[in-house]
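As a plain string of letters, each chain reads:
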Amino acid sequence: MARTDRRGPLGAPMSRAEIIGGFLYFPFYLAVVPWLLHWLPAFLWAPLSEPLANFLYFCVNFIAVLLIFRRWLAASLAGAGRRFWETVQAAVLGFAFYYALFWLLSRVFGLLRLEVADPNDAYLRSLDGGGWPLLYIGALFLVPPAEETLFRGLIFGNLRERGRILAYAVSALVFAAAHVWRYIGPVGWTGTLLAALRYLPAGIALGWCYEKSDTVWAPIAAHSLLNAAALGLLRLG
């Protein structure tokens, strides 16, 4: 049975090779793979659309994470199957917890009279109809397993043994920074930092979801639900 005490490991433990491989891949996930895909069209006969480039980025990360963590993900999935209803409950509660935290953050922004825009939302609104199917596939099925394995499984899960506060703080901050750092040039440091705050509720709620369920597949499911809701609201807006 997995240890679930305050500082013990969560669910199936990662092997040393998986931990090393994950941290070695992390800079590729953040910067190298996007840079390569940015320059890829120069070597192709036909131009590569931005939605397709993003989809390829999702695919590369998904495959890389699957290869590095395949043993751990399979063991975690087996654990989720044994505690199916607990996993479902944690995913639903994590989804609700995120919106509660985001509502509180929005209230703080309102009291401070801050208008905070997410550059990612602006990009998504600019997509034409042809870009949305690829985006839905990536956001619902490719991004959640890759990101939750890296941010919750690799970072949160391994730091939790040193302290829960440290695990929550580091994983949530890195998760937020990873989603906005590319926009420092277009929106500046202040705009980027404010945009990063919008991702802290997700980082905290998904970490809690992982801790409660004892399997990474609960935050994967919650992350997929959050992405589906966010894309649905953007399309309606």
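Residues numbered from 1 in each chain as written. Predicted model: local features only at pLDDT ≥ 70, side-chain atom pairs only at ≥ 80, totals over all residues. Heavy atoms only, no water.

(A) Quick look at the overall build of the protein chain. From N to C terminus, the protein chain includes 10 helices and 0 strands. Element order for the protein chain, N to C, with α for helix and β for strand: α-α-α-α-α-α-α-α-α-α. Radius of gyration (C-alpha) of the protein chain: 18 Å, near the 18 Å computed for a compact globule of 237 residues. Classification of the 237 residues of the protein chain by burial places 45% in the buried group. (Helix = DSSP H or I, 4+ residues; strand = E, 2+ residues; numbered from the N terminus. Rg over C-alpha atoms; globule rule 2.2 N^0.38 Å. Buried < 20%, exposed > 50% of the residue type's maximum accessible area, 1.4 Å probe, protein only.)

(B) Fine view of the pattern of salt bridges. Tallied over the entire structure, the rule returns 4 salt bridges. For arginine 71, the salt bridge is made with glutamate 18, and the minimal N-O distance between the two is 2.7 Å. Here the residue arginine 71 occupies a position in helix α3 (residues 70-82), and glutamate 18 occupies one in helix α1 (residues 16-39), the gap between them amounting to 53 residues. The shortest N-O distance in the salt bridge between glutamate 211 and arginine 164 comes to 2.6 Å. Within this pair, whereas glutamate 211 is found in helix α9 (residues 200-213), its partner arginine 164 is found in helix α7 (residues 164-180), the two being separated by 47 residues in sequence. Assessed through its relative accessible area of 32%, arginine 164 is described here as partly exposed. Look at the salt bridges and you will find they share partners, linking Arg160, Arg164 and Glu211 into a network. (Salt bridge = Lys/Arg side-chain N within 4 Å of Asp/Glu carboxyl O.)

(C) Representation of the nonpolar core in the model. Counting 55 residues, the largest nonpolar core has Phe69, Trp72, Leu124, Leu150, Phe151 and Leu231 as the members making the most contacts within it. Among the elements that make up this core, the one with the highest residue count is helix α6 (residues 132-159) (13 residues). Ignoring any residue separated from it by four or fewer positions in sequence, one finds tryptophan 72 in contact with Ala12, Pro13, Met14, Glu18, Thr149, Gly153, Tyr210 and Val216. (Core = buried A, V, L, I, M, F, W, Y, C linked by side-chain atoms within 4.5 Å. Contact = heavy atoms within 4.5 Å.)

(D) Structural detail: the layout of surface pockets. Reported here for the largest pocket is a volume of approximately 1400 Å³. Around the largest pocket, the lining is made up of 43 residues, and of these Asn120, Leu124, His179, Tyr183 and Tyr199 lie nearest the centre. Sorting the residues of the lining of the largest pocket by element identifies α1, α2 (50-68), α4 (84-111), α5 (119-125), α6, α7, α9 and α10 (217-236) as the ones contributing at least two each. (1 Å grid on protein atoms, 1.4 Å probe; cavity = no way out; pocket = protein on both sides within 12 Å on 5 of 7 lines; lining within 4 Å. Points joined across faces, edges and corners; volume = space filled by probe spheres on them.)

(E) Looking closely at a nonpolar patch on the surface. A contiguous nonpolar patch, built from Phe84, Trp85, Val88 and Val92 and spanning about 430 Å² of accessible area, is present on the exposed surface. Relative to the assigned elements, valine 88 resides in helix α4. (Patch = residues over 30% accessible without salt bridge, like charges linked within 9 Å, V, L, I, M, F, W, Y side chains within 5 Å. Areas by Shrake-Rupley, 256 points an atom, 1.4 Å probe, with all protein chains shown as cover.)

Purely geometric numbers; function is a separate question.
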